[in-house]
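Coordinates in review
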Amino acid sequence: MSIHVVARLDEVPPGTRKVVEVAGREIGVFNVDGELFAVRNRCPHMAGPLCEGYVSGAVSSTTPGEYHFDRVGEILRCPWHQWEFDMRTGQSWFDPARVRVRAYQARIASGASLVATDEAPATTTDAAPPAEGMVPGPYVAETYPVSVEHDYIVVDLLSR
Amino acid sequence: MGEVGIGMARPAGAGIVDADVHCTVPSAAALFPYLADHWVEQIRQSGFSGASENAYPPGIPTSARPGSAPGDGRPAGSDLDVLRTQVLDVDGVEAAILNCAYAVDTIRNPDAASAIASAVNDWQLAEWLEVEPRLHGSLVVPSQIPELAVAEIERLGDDPRFVQVFLPARSAVPYGRRDFHKVLAAAVERDLVVSLQYGGFPGNPPTAVGWPSYHIEEYVGMASVMQSQLMNLIAEGVFDAFGDLRVSLVEGGFTWLPSFLWRFDKDWKGLRREVPWVRRPPSEYVHDHVRLTTAPLDLDTHRPEAFATLFAQVGGADVLMYASDHPHLHADTGDDWTSMLPEDARAPVLGDNARAFYRLNR
Ligand code: FES
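Please read all numbers here as calculations on a predicted model, not as lab measurements.

Rules of the game
Residues numbered from 1 in each chain as written. Chains lettered and ligands numbered in written order. Predicted model: local features only at pLDDT ≥ 70, side-chain atom pairs only at ≥ 80, totals over all residues. Heavy atoms only, no water. Helix = DSSP H or I, 4+ residues; strand = E, 2+ residues; numbered from the N terminus. Rg over C-alpha atoms; globule rule 2.2 N^0.38 Å. Buried < 20%, exposed > 50% of the residue type's maximum accessible area, 1.4 Å probe, protein only. Contact = heavy atoms within 4.5 Å. Areas by Shrake-Rupley, 256 points an atom, 1.4 Å probe, with all protein chains shown as cover. Lys, Arg positive; Asp, Glu negative; His and termini not counted. Charge placed at Lys NZ, Arg CZ, Asp CG, Glu CD. Buried area = accessible area lost by both parts, 1.4 Å probe. Salt bridge = Lys/Arg side-chain N within 4 Å of Asp/Glu carboxyl O. Polar contact = N/O pair within 3.5 Å; in protein donor to acceptor, adjacent residues only side chain to side chain. Nonpolar A, V, L, I, M, F, W, Y, C, P; charged D, E, K, R; others polar. Patch = residues over 30% accessible without salt bridge, like charges linked within 9 Å, V, L, I, M, F, W, Y side chains within 5 Å. Phe/Tyr/Trp six-rings, centres within 6.5 Å; stacked < 30°, edge-to-face > 60°. pLDDT = per-residue confidence, 0-100. Pairing = 2+ DSSP bridges. Axes fitted to C-alpha atoms, helices over the stretch in contact; angles between N-to-C directions.

1. Description of the overall build of chain B
- Secondary structure summary: chain B contains 12 helices and 8 strands in total.
- A compact globule built from 362 residues would reach a C-alpha radius of gyration of about 21 Å, and chain B, at 19 Å, matches this within 12%.
- Seen through its C-alpha atoms, chain B measures out along the principal axes to roughly 60 × 50 × 45 Å.
- Counting every position in chain B, which comprises 362 residues, the buried fraction comes to 58%.
- Relative to all contacts within chain B whose residues are 6 or more apart in sequence, the contacts with residues 24 or more apart total 82%.
- Carbon and sulfur atoms make up 53% of the accessible area of chain B, which totals about 14,600 Å².
- Side-chain charges in chain B split into 28 positive and 48 negative, and the spacing between the mean points of these groups amounts to 7 Å.

In structure tokens, the structure reads:
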């Protein structure tokens, strides 16, 4: 497990995103109606800043003239060449078996739980090695300490 | 064994299928036995000489190879015995796909267009297909009026002597558009190939930028017409809408295919939301549904490496069908260019692809 605290939840309200740097890589965190997704900010095509792209839904069809539009907010379009990626899985719309971007598990954790799992206060970058694999992310490394009153977004870099 | 005409590639091998040979209606009167009295009277009385508009002007050297006219005043392509001698009786040739480019799309009276298309088909049946079983026919239809084209396909499309529907490559509206789907459906229902063929007289220019000045521009430019039609067919989703649709591109060249499909695939990835019914990369539809004939040959046969590279990029072993295009003469060298085919591509290109595509062994 490589779990990183990447943002305070209220910084990424529903319908918004935030690009953070975690362990040397940029990751986009998206809040879709309260559900969180994390996607690497590097397009598998030509390394475009994928997470700066347009967020839309899935358009599909079974016959000419028919349009299905669903999963609104879950499809990310690269700003460079408009390839579409499913935020849930990282799969591209076309050739899903071969073209995919790294997607990570993102979830909400309460400040209380984060602090509780850490023997040393998780408020400084040079905190003692965290318990249970919990690695303080850049959010903590910046200036804001994790506090028990708030909820945080954590990303597991080893998940998908 | 027959004598090949000038400019014939004369491939060596067995089981050869020539995927494009032509027959020409010699005169309007030749159709009289197949027309209702009313139309015979109209044609006689009006002096109408038939839909003899020809995308291959008779006097242009590319239109007829020397020796392909019967020598009695009738035009090249109008005599079955010449076709036998120059194509069918040549060693190794097993069958040929017969195409008649009678320009029913120039006839503005819809009933006349319909009647004359039917007459041409009955003429093909009686004077070519019935007497020469090595020939497999193409239905002429009034392509400018989809309902009437469907009616003709319904009338004769179940006859096994017809294997495809002939559509002139140049059209007023591209063939993938929805108002034409009924024609595609009628062909698919009868297991007929839909064939886009050099030529057509839709009334709009043969280039996308307007009217050119010279025949050579229409002749060379037909490749871009084929591209436009193929692009439209794919963008309109017909290959998923009609899963068994097969399309042949005849006399439009094929070396443009790799660059065209590379670009089309690339942009499909970014723009496919506009056409969500295009569910696969365009190149996959071509591979699975489209075949192209080899004449005119639009690559240099004197540079073997270039030939091999282009052939591989086209996926030639999978999508190309050998054709002589008799009696047209495309300034091909007359050398047997097919000797340059990779060994494992010979049988597919010379016969197997066409046999499978046209279901010739059924
Ligand atoms: S870099 Fe993302 S689509 Fe090309």
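2. With respect to the overall build of chain A
- Within chain A one finds 2 helices and 10 strands.
- Going from the N terminus to the C terminus, chain A shows its helices and strands as β-β-β-β-β-β-β-β-α-β-α-β.
- Here chain A holds 160 residues, and 46% of them are scored as buried.
- Look at the contacts in chain A between residues 6 or more apart in sequence, and 52% of them connect residues 24 or more apart.
- Accessible surface computed for chain A: about 7,900 Å², of which carbon and sulfur atoms make up 52%.

3. Focus on the interface of chain A and chain B
- Listed as interface residues are 20 residues of chain A and, on the opposing side, 14 residues of chain B.
- Both faces considered, chain A and chain B share a buried interface measuring about 1,300 Å² in area, 57% of it formed by carbon and sulfur atoms.
- Counting across the chain A and chain B interface gives 2 salt bridges.
- The salt bridge involving B:Arg273 is made with A:Glu84; its shortest N-O contact spans 2.7 Å.
- Where chain A meets chain B, there are 7 residue pairs in polar contact (both at pLDDT 80 or more).
- Looking at the side of chain A that touches chain B, the elements with two or more residues in it are strand E5 (54–60) and strand E6 (68–77) of chain A.
- With 4 residues, E5(A) is the single largest residue contributor to the side of chain A that touches chain B.
- A class-by-class count of the residues in the side of chain A that touches chain B yields 8 nonpolar, 9 polar and 3 charged.

4. A few points about a nonpolar patch on the surface
- A cluster of nonpolar side chains, namely B:Tyr214, B:Ile216 and B:Val220, defines an oily patch on the protein surface of about 360 Å² accessible area.
- Mapped onto the fold, B:Val220 is located in helix H6 (residues 215–235).

5. Let's talk about the packing of aromatic side chains
All names here are of chain B.
- Inspection of the entire model under this criterion finds 10 aromatic pairs over all chains.
- Between the aromatic rings of Trp256 and Phe260, the centroid separation amounts to 5.8 Å while the plane-to-plane angle is 75 degrees, which identifies the pairing as edge-to-face. With respect to class, Trp256 is no different from Phe260; both count as buried.
- Among the aromatic side chains, those forming a connected cluster through ring pairs are Trp256, Phe260 and Phe264.

6. A few points about the confidence of the model for chain B
- Across chain B, pLDDT averages 92, with 96% of residues at or above 70.
- Model confidence for the complex: the whole-complex pTM is 0.89, and ipTM, which rates the interface, is 0.80.

7. Observations concerning the environment of B:Gly203
All names here are of chain B.
- Along the polypeptide, Gly203 turns up in the loop between strand E5 (193–197) and H6.
- Judged by relative accessible area, Gly203 falls into the exposed class, the value being 56%.
- When the C-alpha atoms of Gly203 and Gln124 are compared, they prove to be 27 Å apart, with 79 residues separating the residues in sequence.
- If sequence neighbours within four positions are ignored, Gly203 has contacts with Arg108 and Trp211.

8. Here's the deal with the sheet that holds strand E7 (residues 84–86) of chain A
Residue and element names in this part refer to chain A.
- Read from one edge of the open sheet, 3 strands run E5-E6-E7, paired in antiparallel fashion. Both outer strands of the open sheet, E5 and E7, are each paired with one neighbouring strand and no more. Sheet twist, expressed as the average angle between the axes of neighbouring strands with direction ignored, equals 60 degrees.
- Across 3 bridges, E6 lies against E7 in antiparallel orientation. Across the sheet, Arg77 pairs through a bridge with Glu84, a residue of E7.

9. Here's the deal with the pairing of strand E1 (residues 3–8) of chain A
Residue and element names in this part refer to chain A.
- For E1, a buried count of 5 out of 6 residues is recorded, marking the element as mostly surrounded by other parts of the structure.
- In terms of strand pairing, E1 meets strand E10 (residues 151–156) through 5 bridges, oriented antiparallel. From the neighbouring strand, Ala7 faces E10, where its bridge partner is Ile153.

10. A look at the pattern of salt bridges
Residue and element names in this part refer to chain B.
- This model, assessed by the stated rule, comprises 29 salt bridges over all chains.
- The partner of Arg355 in a salt bridge is Glu94, with the nearest N and O atoms 2.8 Å apart. Residue Arg355 is located in helix H12 (residues 343–357), and its partner Glu94 is located in strand E2 (residues 93–99); the two are separated by 261 residues in the primary sequence.
- Taking relative accessible area as the criterion, Glu94 reaches 36% and is therefore assigned partly exposed.
- Note that Asp191 and Arg246 form a salt bridge whose closest N and O atoms lie 2.8 Å from each other. With Asp191 in the loop between helix H5 (181–189) and E5 and Arg246 in the loop between helix H7 (238–241) and strand E6 (247–250), the pair connects residues that are 55 residues apart, well separated along the chain.

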